[in-house]
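# Structural characterization, general
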Amino acid sequence: MQKERSILAVVPGRQAAGSTKSLPAFLSSAACQRAHAFHQSFAQYQETPLVSLPALARELGVGHLLVKDESYRFGLNAFKVLGAAYAMGSYLCERLGRSMEEVDFDTLRSEEVRRQIGAVTFVTATDGNHGRAVAWAAAQLGQQAVVYLPKGSSPQRVAAIRETGADAHVINGNYDEAVRLSEKVARERGWQVIQDTAWDGYTTIPSWIMQGYTTIAAEAIRQLSESLPGRRPTHVLLQAGVGSMAAAVLGYMADQLAPDYPVTIIVEPHNANCMYLSAKSGEREAQAATGDLQTIMAGLACGEPNPLAWEILRDYADAFVSCPDHVAATGMRMLAAPAGSDPKIVSGESGAVGVGLLSTIMQKEEGRWLQKQLGINEDSVILCFSTEGDTDQEQYRRIVWEGIWPSV
Ligand SMILES: Cc1ncc(COP(=O)(O)O)c(C=O)c1O
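Under an unreviewed UniProt entry, the name given to the chain is Diaminopropionate ammonia-lyase, and the organism recorded is Brevibacillus nitrificans. One UniProt comment on the chain, placed under Cofactor (unreviewed entry), says "pyridoxal 5'-phosphate".

Okay, here's the thing in structure tokens:
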């Protein structure tokens, strides 16, 4: 029972990976810039807000707290489209025999490109947000999408996928089983898998997806240098499902802010804590979390790490934290009912866990040792990523208004 109530943490230390660590070539500056330029070619493109919360920072005893609000991303309420759209664009470009520098999103949606390539069906597995992003991008490109979701998926998240015209199927299995099913169906029917995780023989598309996610980090660094001239983030909290987003953001920051990149804390739910288990094992290979992965943080309910992401997190992250669902619920409420005259942020279950964890570290007895170990104090500049808004509105209200959620 202790496991349900307290946070668990592994702090391997920055030097744990030794001096041989290096970032993968697919996260080179040039590759990340290409992805950012592609995103800028969308009519919907705008930087999402980097929101400063000075009153909350004061209450928590840190210097500055900045939250990147991804609920504004392309009107889709989550960051995921940055990866899916870039990977789908790169795939089409490859089919055309052209490079990504030569094309923008409008070119790829043109009648002429559709005639050249013909009909494509994109298939994926999702807890909701990635599937919605694939479905949206497919519709924009005039192509088809088929999406598999794990059992227990939120009806609102399923409906949001179907609204784009995609087929959505809820399977009788968990997220990792949905991934395997989409790969099998794609093989049988000649469809194209757009998955946000990698496995043996399937690495190109997930590496494009990770390149796409670096746009969040590029925007955040630029925005932070504008709102706090001369300062950099000292600490970053990143939530992980398969780890692609966390590794893309951390990899980008480790490259751009080297050698003093921020102290980085990876956070996951207890019931899907594969990165925490991997770090705890001390092995170089990633370890899986098993079972039905039940948590309110649906976007983080993944048991098998993306091996490309794990290598970056293993070598560059400073701490791996596993936490109960109430930590995310606390973060949602703190952002919904802000301190002082701080602005409000609508942050969903998987979006708010970073802020929830920061409050646990700064205000609760169980987090105090981490506060010391990670050197978080009144001079710290903390960066969190609210990766989704209220993607399941009913659940959001149950948690924020009524203070209840399924206990796991
Ligand atoms: C809102 C949200 N935040 C974070 C994540 C975690 O991203 P990743 O699976 O790349 O670790 C997801 C994944 O679906 C998500 O939907």
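Remark on secondary structure: sheet strands pair via backbone hydrogen bonds, oriented parallel or antiparallel. Judged by pairing direction, the sheet is mixed, and its seven strands sit side by side in the order β1-β10-β9-β8-β11-β3-β2 without closing on themselves. A strand with exactly one partner marks an edge of an open sheet, and here the two such strands are β1 (8-10) and β2 (50-52). Averaged over all adjacent pairs, the angle separating strand axes in this sheet is 20°, with direction ignored. Note that β2 and strand β3 (residues 64-69) share three bridges and pair antiparallel. Each bridged residue has a counterpart across the sheet, and for Ser 52 the counterpart in β3 is Leu 66. Those strands touched by helix α11 (residues 244-256) are β8 (235-239), β9 (263-269) and β11 (381-386), and its axis lies near 155° from that of β8.

For the bond from Ala 258 to Pro 259, the omega torsion is 0°, close enough to zero to count as cis. Notably, Leu 293 is not glycine yet its phi reads approximately 60°, a positive angle.

Tallied over the full model, the rule gives 16 salt bridges. Among the ionic pairs, Arg 109 bridges to Asp 106, the shortest N-O distance being 3.7 Å. Judged by its relative accessible area of 33%, Arg 109 is partly exposed. Overlapping salt bridges, with partners in common, bring together Lys 68, Glu 70, Arg 73 and Glu 219 in one network.

Take the site of the ligand next. Around the ligand, the structure places 16 residues, and the nearest of them are Asn 129, Gly 241, Gly 243, Met 245 and Thr 387. Between the ligand and Gly 241, the relevant distance is 2.7 Å, taken from an oxygen atom to a main-chain nitrogen or oxygen of the residue. Val 242 places a polar main-chain atom, nitrogen or oxygen, 3.0 Å from an oxygen atom of the ligand. Calculation on the ligand without its partners gives an accessible area of 380 Å², and the protein chains cover 100% of this total. The site holding the ligand turns out to be the largest cavity. When the residues that make up the shell around the ligand are grouped by side-chain class, the tally is five nonpolar, eight polar and three charged.

This brings us to the packing of helix α4 (residues 81-96) against helix α7 (residues 129-140). Taken N-terminus to C-terminus, the directions of α4 and α7 make an angle of 40°; their axes are 8 Å apart at the nearest point. Judged by the inter-axis angle, α4 sits oblique to α7. Considering only the axes of α4 and α7, their crossing is right-handed. Contacts between α4 and α7 pair Val 81, Ala 84, Ala 85 and Met 88 from the former with His 130, Ala 133, Val 134, Trp 136, Ala 137 and Ala 138 from the latter. Here the residues of the contact of α4 with α7 are counted per class, giving nine nonpolar, one polar and no charged.

Reading the values: rules and limits
Residues numbered from 1 in each chain as written. Predicted model: local features only at pLDDT ≥ 70, side-chain atom pairs only at ≥ 80, totals over all residues. Heavy atoms only, no water. UniProt positions renumbered as here; feature names shortened; annotations may be inferred. Pairing = 2+ DSSP bridges. Helix = DSSP H or I, 4+ residues; strand = E, 2+ residues; numbered from the N terminus. Axes fitted to C-alpha atoms, helices over the stretch in contact; angles between N-to-C directions. Contact = heavy atoms within 4.5 Å. Salt bridge = Lys/Arg side-chain N within 4 Å of Asp/Glu carboxyl O. Buried < 20%, exposed > 50% of the residue type's maximum accessible area, 1.4 Å probe, protein only. Near = heavy atom within 4 Å. Polar contact = N/O pair within 3.5 Å; in protein donor to acceptor, adjacent residues only side chain to side chain. Areas by Shrake-Rupley, 256 points an atom, 1.4 Å probe, with all protein chains shown as cover. 1 Å grid on protein atoms, 1.4 Å probe; cavity = no way out; pocket = protein on both sides within 12 Å on 5 of 7 lines; lining within 4 Å. Sits in = over half its atoms within 2 Å of the grid points. Nonpolar A, V, L, I, M, F, W, Y, C, P; charged D, E, K, R; others polar. Parallel < 35°, antiparallel > 145°, perpendicular 65-115°, else oblique. Left-handed = near helix turned anticlockwise from the far one by under 90°.

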